Amino acid sequence: MPARPLVLIHGYSASGSSFDSWKQVLAEQGYGPDQLHVCTYKTLTNEVSIKDIAEALDRALRIQTGLDGNEEFDAIVHSTGMLVVRAWLASHARRRSRLKHLIGLAPATFGSPLAHKGRGWLGAIFRGNRELGPDFLEAGDLVLDGLELGSRFTWDLAHRDLIGEGAFYGPGSETPYAFIFCGTAKYPPPLKWISDEGTDGTVRLAGAALNTRKITIDLTLDRAGDVDPRRVQTAPWSNVDIPVIPISGRDHGSILSNPPKRLVRFVMDALAVDDAASYRAWLQRAASHATTVFGRAMHLARWQQFVVRVVDERDDGVNDYYLDFIVKRKGKRKWEQLRDHEMAVRPYSGDASYRCFHINLDSLGLAEGDTLGVRLVASSGTALVAYDGFSDEDVELYVDQESREVQGEWSGVIDLSSLERISFFYPFTTTLVEVRLNREPQPPTGRNEVLWFLKPE
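Quantities reported herein were computed from a predicted structural model and do not represent experimental measurements.

A few words now on the overall build of the protein chain. In terms of helices and strands, the protein chain carries 11 helices and 18 strands. When the 457 residues of the protein chain are sorted by exposure, 53% land in the buried category. At a minimum sequence separation of 6, the contacts of the protein chain that also span at least 24 residues come to 76%.

So this is what it looks like as C-alpha cells:
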C-alpha cells in the first residue's frame, strides 16, 4: 500500500473530474479511495487570485482531508496547479517538509502563452463561466494575470522558491522531491492553430521546468553602496537539477486524459524515491529517456525562455524599451542584426518592464568565431529625462552616441562574449534577466532642465 495520501490539483478552468483517468490508474497501483484527495477550485471568478487558492488549499487540507498538522503527503499537479502548490509552499517554510513528492504534469511553472487570450475571447467564449450567476462569463482575471508570460507574480514567486535562499526542492527528505513532465505534441484540429512552437498546446517546455537562473546586468553609475562590485551577477542556485522530461505523443490535455504507460511507470517510480541516492538514480533514468526523445530524427527544437525586466537605479520599471540579439561575424568589425531566427516576444500587460522572450536556439545560426550581443534601446519619452548605462571591465558595452540626441533615448550593445563567467543559453529552461540603467534628469544647462536655481538679482 502507498505510504502517504496523494493530493491531485487541476489547472485553470478545469475541475477535479479532469483527473478521472489518473484516479483509475492510481487505483490500479494500490491507492485506495481514502488515500486520494482530488480537489476542485474556482478559477473563473474575477475576485480570486492564485495566492487565494493556495491558502484555500491549506484550509481544505486541514478541514476536509484530516491533514491538519504536520502530516506528510504527495501531490500530482496539472498546469496552474503547479503555481498553486508553489505559492502554498512559499508561504511558510515548514510546509516544505510536509510535501514529500511533487509531480508536475504539464505545469504552468512560468505561465502560458494563452493566458493573455483567456481574458478576452478565449476566456469568455470557450472557457468562461457559463453558469448564470454573479460569475457569468467571467474568465478569472486575477488568475489569468498570474498566468501571463512574464507576470509579476511568477517573477516574484521564482525569487522565493527557485533562486531564493535555502532549497525548496532538494535531494533530501526535508524538501519535496520534484519531477516535471510535459507533452511534446500540439493540439489536434480544430485547436491546432492556437498552439505555439515549443509547446504542448498550452505551456512551453522551456517554461515548465523548475531549472531557473537569474542574471543581473547592472549598468548604473552610482554603485558605491554595493557589497559585490561586479556588474554581472548570477543568483545562487540552491535547488537540485530538475529538468523537464518530454512525453512524446501527448498534448496538454491528453497527458491527463490518456496517460501513456511509460509516464505512469515514471510517476510511480518517482513516488517511491526516498533518499538522495534513489533521486539521483531516477534523474539518470529520466535523462536517458530525454536524450532518446530529443535525439530522434524528428527531434524537438531547443527552445529557451527568457523573462527580462529593465529597471532604473530606484527599481522603477523601464516600460519603453527594445531588446534584440545581434551578431558580429568572425573577422568583421560591425554588429549586424541576427536575421531569420525564431523568437516570440510578449510584454506583461500589467507592467511592460517585464517581457518574455521565447527563442529557438537552433535557429540562431551562429558559426564558430561569431560574437553574439544584445542590443538594448530604452526611452523615457521625454527630453527632460534620459536613461544611461556605463561600462567597465565586467561588461563590454558599446553605446550609440547618436541615440543620445533622440528624446530621452539610450541605445547600447552588450557583448555577451565578454561575460566569461556565465553562459546565457540552456535549452528547455527559463532564465530571468534583470538589466539596471540610470534614469537622470537633464542638467540645468539648456532648455530641458528639470530643476534649476534662479540667478540672484
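One can describe the packing of helix α2 (residues 50-64) onto helix α3 (residues 81-91) by two numbers: an axis separation of 8 Å at closest approach and a directional angle of 75°. Here α2 lies roughly perpendicular to α3, going by the angle between them. Residues Ile50, Ile53, Ala54, Glu55, Leu57, Asp58 and Leu61 of α2 pack against Leu83, Val84, Ala87, Trp88 and Ser91 of α3.

All right, on to the sheet that holds strand β3 (residues 73-78) then. On the basis of which strands lie adjacent, the open sheet formed by six strands has the order β2-β1-β3-β4-β5-β8 and parallel pairing. Every other strand in the sheet has two partners, leaving β2 (36-38) and β8 (244-247) as the edge strands with one partner each. Each strand of the sheet is rotated relative to its neighbour by a mean of 20°, with strand direction disregarded. With five bridges connecting them, strand β4 (residues 99-105) and strand β5 (residues 177-183) associate as parallel partners. Each bridged residue has a counterpart across the sheet, and for Leu105 the counterpart in β5 is Phe181. Here helix α10 (residues 261-271) sits on the sheet in contact with β3, β4, β5 and β8, set at roughly 165° to β4.

Right, let's talk about the packing of aromatic side chains for a bit. Scanning the model with the defined rule gives 13 aromatic pairs in all. Ring geometry for Phe179 versus Tyr279: centroids 5.3 Å apart, planes at 85°, classification edge-to-face. Within this pair, whereas Phe179 is found in strand β5, its partner Tyr279 is found in helix α11 (residues 276-294), the two being separated by 100 residues in sequence. You can call Phe179 buried: its relative accessible area is 0%. On the accessibility criterion, Tyr279 (2% relative accessible area) is buried. Grouped by ring-pair contacts, the aromatic residues Tyr177, Phe179, Phe181, Phe266, Tyr279 and Trp282 constitute a single cluster. In this structure, Arg96 packs its charged tip against the face of Phe168, placed 3.7 Å from the ring centre. The residue whose ring lies beneath Arg355 is Tyr321, and the NZ or CZ to ring-centre distance is 3.8 Å.

Running from N to C, helix α1 (residues 20-28) and α10 cross one another at 60°; their axes reach a closest spacing of 12 Å. The handedness of the crossing between α1 and α10 comes out as right-handed. Contact with α1, carried on its side by Trp22, Val25 and Leu26, involves Leu263, Val264, Val267 and Met268 of α10 and no other residues of that element. Classifying every residue of the contact of α1 with α10 gives seven nonpolar, no polar and no charged.

With respect to the element layout, Glu434 can be found in strand β18 (residues 430-441). Since its relative accessible area comes to 8%, Glu434 is described here as buried. Ignoring anything within four residues of it in the chain, the contact list for Glu434 reads Trp155, Lys214, Ile215, Thr216, Ile217, Arg309 and Val311.

Further remarks concern α2. Compared with an ideal rise of 1.5 Å per residue, which puts 15 residues at 21 Å, α2 spans 20 Å between its outermost C-alpha atoms and is within 8% of the ideal. Here the buried face of α2 lies against β1 (6-9), β3, α3, α4 (95-98), α7 (141-147) and α8 (152-161). Of the residues flanking the end of α2, it is Gly66, one or two places downstream, whose phi is positive at about 85°.

Positive phi outside glycine occurs at Ser79, with the angle close to 55°. Residue position: Ser79 is located in the loop between β3 and α3.

So, about the nonpolar core. With 88 residues, the main nonpolar core has Trp22, Phe181 and Trp282 as its most contacted residues. The element best represented in this core is α3, accounting for eight residues. In this view, Trp22 contacts Leu105, Ile255, Leu256, Pro259, Leu263, Val264 and Val267; residues no more than four positions away in its chain are not counted. Listed in part, the 29 residues of the second largest apolar core include Ile215, Val327, Val374 and Ile414.

Each value, and the rule that gives it
- Residues numbered from 1 in each chain as written.
- Predicted model: local features only at pLDDT ≥ 70, side-chain atom pairs only at ≥ 80, totals over all residues.
- Heavy atoms only, no water.
- Helix = DSSP H or I, 4+ residues; strand = E, 2+ residues; numbered from the N terminus.
- Buried < 20%, exposed > 50% of the residue type's maximum accessible area, 1.4 Å probe, protein only.
- Contact = heavy atoms within 4.5 Å.
- Axes fitted to C-alpha atoms, helices over the stretch in contact; angles between N-to-C directions.
- Parallel < 35°, antiparallel > 145°, perpendicular 65-115°, else oblique.
- Pairing = 2+ DSSP bridges.
- Phe/Tyr/Trp six-rings, centres within 6.5 Å; stacked < 30°, edge-to-face > 60°.
- Lys NZ or Arg CZ within 6 Å of the ring centre and 35° of its normal.
- Left-handed = near helix turned anticlockwise from the far one by under 90°.
- Nonpolar A, V, L, I, M, F, W, Y, C, P; charged D, E, K, R; others polar.
- Expected span 1.5 Å × (residues − 1).
- Core = buried A, V, L, I, M, F, W, Y, C linked by side-chain atoms within 4.5 Å.

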